[in-house]
Each structure stands twice: as C-alpha cells, then as structure tokens.
Amino acid sequence: MIKIWMKSQMTKLPPKKRYFTIGEVCTLANIKHTQLRYWEKKTKLISPNRISNNRRTYSRQDVSRVLLLARLIEGEGKSIKDSLAIIESTPDSASHLLSVISEINTILSE
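Residues numbered from 1 in each chain as written. Predicted model: local features only at pLDDT ≥ 70, side-chain atom pairs only at ≥ 80, totals over all residues. Heavy atoms only, no water.

S.K.: Explain the overall build of the protein chain residue by residue, including any values.
M.R.: Counting its secondary structure elements, the protein chain contains five helices and five strands. Tracing the protein chain from N to C terminus, the helices and strands come up as β-β-β-α-α-β-β-α-α-α. Within the protein chain, buried positions represent 35% of all 110 residues. Approximately 7,000 Å² of the protein chain is accessible, and the part contributed by carbon and sulfur atoms is 51%. (Helix = DSSP H or I, 4+ residues; strand = E, 2+ residues; numbered from the N terminus. Buried < 20%, exposed > 50% of the residue type's maximum accessible area, 1.4 Å probe, protein only. Areas by Shrake-Rupley, 256 points an atom, 1.4 Å probe, with all protein chains shown as cover.)

Set out below in structure tokens:
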C-alpha cells in the first residue's frame with residue numbers, strides 16, 4: 001500500500017484502486033464532504049470525474065492533492081490562500097511529489 005504522511009500518521013491508499021468515491025476520499029483525508037466540495041470550487045486543483053449516475057470519482061492524483069491540501073490546511077493550520085501559494089510557489093516540487101507517488105503506485109500495482 002502507498003503511504004502518505006498526514007497529521008503524524010500514515011494514510012494508506014490501496015495499491016490497485018484507481019478511482020475513489022467522495023466518501024472514501026473524505027475518510028482518507030479525515031475531512032467532511034462539504035469541505036471537499038468547497039476545496040474543489042475554490043482551488044481548481046481537484047477535478048473529479050462524473051460517472052453515469054452523476055457521482056464524483058476521484059483519481060489517485062486527485063486524492064494525493066486532497067491529502068496535501070488537508071495536511072496544509074487542517075494539519076498545519078494554513079488558509080486555503082496560503083496553501084495554494086505554497087503549492088504554486090513550488091510547482092516543480094508539488095508536481096514532482098505527485099509524479100513520484102504515481103510511479104510508486106505503478107510499481108506496487110505490478
């Protein structure tokens with residue numbers, strides 16, 4: 001399983017799971033559904049797909065971004081504005097982190 005650091009505990013993503021429901025994402029990030037939907041609107045970093053019954057499905061990359069935002073906002077007490085500034089000021093680092101997570105997911109799913 002992939003482990004992502006958050007609030008002094010490890011959050012595990014199932015290695016073979018490609019898409020997550022809103023409930024699963026909120027459970028992993030320890031946030032409420034309304035909070036996640038608010039972040040979707042305000043940040044534009046999270047863009048879930050909609051399946052036929054109009055339910056949101058989140059990719060592994062979306063989940064990684066939610067976990068990063070949750071760590072910055074909930075764990076470190078940053079505002080959404082400050083969190084976005086941190087992510088945008090180091091796009092290579094954030095992109096690199098997401099790509100490393102994606103590579104690890106690929107390796108572990110083989």
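On we go from here.
S.K.: Account for the packing of aromatic side chains, naming residues and giving values.
M.R.: Enumeration over the complete set of coordinates arrives at zero aromatic pairs. Above the ring of Phe20, the side-chain terminus of Lys17 is found at 5.7 Å from the ring centroid. (Phe/Tyr/Trp six-rings, centres within 6.5 Å; stacked < 30°, edge-to-face > 60°. Lys NZ or Arg CZ within 6 Å of the ring centre and 35° of its normal.)

S.K.: Can you lay out the pattern of salt bridges for me, pointing to particular residues and giving the numbers?
M.R.: Applying the stated criterion to the full structure yields three salt bridges. The partner of Glu40 in a salt bridge is Arg56, and the shortest N-O contact between them spans 3.1 Å. Placement of the pair is Glu40 in helix H2 (residues 33-43) and Arg56 in strand E5 (residues 56-59), with a sequence separation of 16 residues. A salt bridge links Arg71 to Glu76, with the nearest nitrogen and oxygen atoms 3.3 Å apart. (Salt bridge = Lys/Arg side-chain N within 4 Å of Asp/Glu carboxyl O.)

S.K.: How would you summarise the sheet that holds E5 if you had to cite specific residues and measurements?
M.R.: Pairing in this open sheet of three strands is antiparallel, and the strands run E3-E5-E4 from one edge to the other. Where the open sheet ends on each side, the last strands, each with one partner, are strand E3 (19-20) and strand E4 (49-50). Bridge count for E4 against E5 is two bridges, and the pairing is antiparallel. Counted as the bridge partner of Asn49 is Thr57 from E5. (Pairing = 2+ DSSP bridges.)

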